[in-house]
Amino acid sequence: VDHAKANGIPQFFMFGEVYDASPDVLSIYTGEGKMQSVLDFGFQDAIHKTLVKQQGTNVFKALFDQDYKYNDEDSHANRLLNFVGNHDMGRMAFMLNTSEHGYSEAEKIKRVLLGHALMYFARGIPVVYYGDEQGFVGDGNDQGSRQNMMPSKVASYNDDDLLATDKTTADDNFDPEHLFYRSFAQYADVYFTHQALRHGEQALIHTQSTPGLLAFTRTLGQEKFLIVANTSASAINETVSVSANASLVFAENSNAHQANKVADTLALQLPALSFAIYQLTE
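These numbers were taken from a predicted model, which means no experiment stands behind them. (Residues numbered from 1 in each chain as written. Predicted model: local features only at pLDDT ≥ 70, side-chain atom pairs only at ≥ 80, totals over all residues. Heavy atoms only, no water.)

Caption draft 1: Representation of the sheet that holds strand 9 (residues 245–250). If you walk across this open sheet you meet the five strands as 5-6-7-12-9, and the pairing is antiparallel. Pairing within the sheet leaves two strands with one partner each, and these edge strands are strand 5 (201–206) and strand 9. Between one strand axis and the next, the sheet turns by 30° as a mean value, whatever way the strands run. Note that strand 7 (residues 223–230) and strand 12 (residues 274–281) share six bridges and pair antiparallel. Within strand 12, the residue paired with Ala229 across the bridge is Phe275. Where helix 6 (residues 105–121) meets the sheet, it contacts strand 6 (213–220), strand 7 and strand 12, and its direction lies at approximately 30° from that of strand 12. Lying on the sheet, helix 8 (residues 179–193) is in contact with strand 9 and strand 12; it crosses strand 9 at an angle near 135°. (Pairing = 2+ DSSP bridges. Helix = DSSP H or I, 4+ residues; strand = E, 2+ residues; numbered from the N terminus. Axes fitted to C-alpha atoms, helices over the stretch in contact; angles between N-to-C directions. Contact = heavy atoms within 4.5 Å.)

Caption draft 2: View of the packing of aromatic side chains. This structure, assessed with the given rule, holds 17 aromatic pairs. Centre to centre, the rings of Phe184 and Tyr187 are 6.1 Å apart; their planes meet at 40°, and the pair counts as tilted. Taken together, the residues Phe184 and Tyr187, both in helix 8 and three residues apart, mark about one turn of the helix. Exposure class is identical for Phe184 and Tyr187. Each is buried. (Phe/Tyr/Trp six-rings, centres within 6.5 Å; stacked < 30°, edge-to-face > 60°. Buried < 20%, exposed > 50% of the residue type's maximum accessible area, 1.4 Å probe, protein only.)

Caption draft 3: Quick peek at the packing of helix 6 against helix 8. The geometry of helix 6 relative to helix 8 is characterised by a closest axis approach of 10 Å and an angle of 20° between their N-to-C directions. It follows that helix 6 is roughly parallel to helix 8 by the angle criterion. Judged by the twist between their axes, the crossing of helix 6 over helix 8 is right-handed. The residues of helix 8 that touch helix 6, namely those facing Ile109, Val112, Leu113, His116, Ala117, Tyr120 and Phe121, are Leu179, Phe180, Ser183, Phe184, Tyr187, Ala188, Val190 and Tyr191. (Parallel < 35°, antiparallel > 145°, perpendicular 65-115°, else oblique. Left-handed = near helix turned anticlockwise from the far one by under 90°.)

Here is the structure:
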């Protein structure tokens, strides 16, 4: 600590790893344990249930309704570390690869992108597991999810069919033109441009018992955003109650997203496995 202070770093943001998806367990470490934050295995579990196992978006309501448990003098749900896979449980791409639903590569790509988008724009701090931005898949669990970024000589790594690329892990994988790398960079740009998407209070607007619409707002002062996502494999037409004017801030294919404001209702047309961010202004 003294060495850090001498080099102009007065304090550290501290977080821990607790391998449990229950907020009742995780919040013990930010409350009684006095850690500032923990990796949010609850968020990872919600992503897995909705985008891999195809459960309803009300999974997120069950999670976010417990966010108050993290609030104390030095902790808050906005400081939790969001992630979608890691070195122990495996990558999200691996979970999709071994799913009972038999996803095509195109659908795996969409689900990975949507999972990371929610990781960036829901409450919490996004954490990209290295290699996910290069389409790494892996064989799951410890060791099987620790592929090399530099050309690998590990046969169990090199036989993987990476997503959104013709490369294998036998190649150099530092490609800034990879679809995932470019997409995550776009998400990060939007995330850092708007403080409300980093620090804003979150409020759920819509969830449901089946795959489909997830909608929530992030508000900080006068800045307010509506984030909508479609977790289903089909396009949806849904409405949400919004009294303010809505202007599109970001969507990966903005031409495919439509929103029409009528009175206090916003009618949304969302393609399969997509998301959009709207700024709300009076």
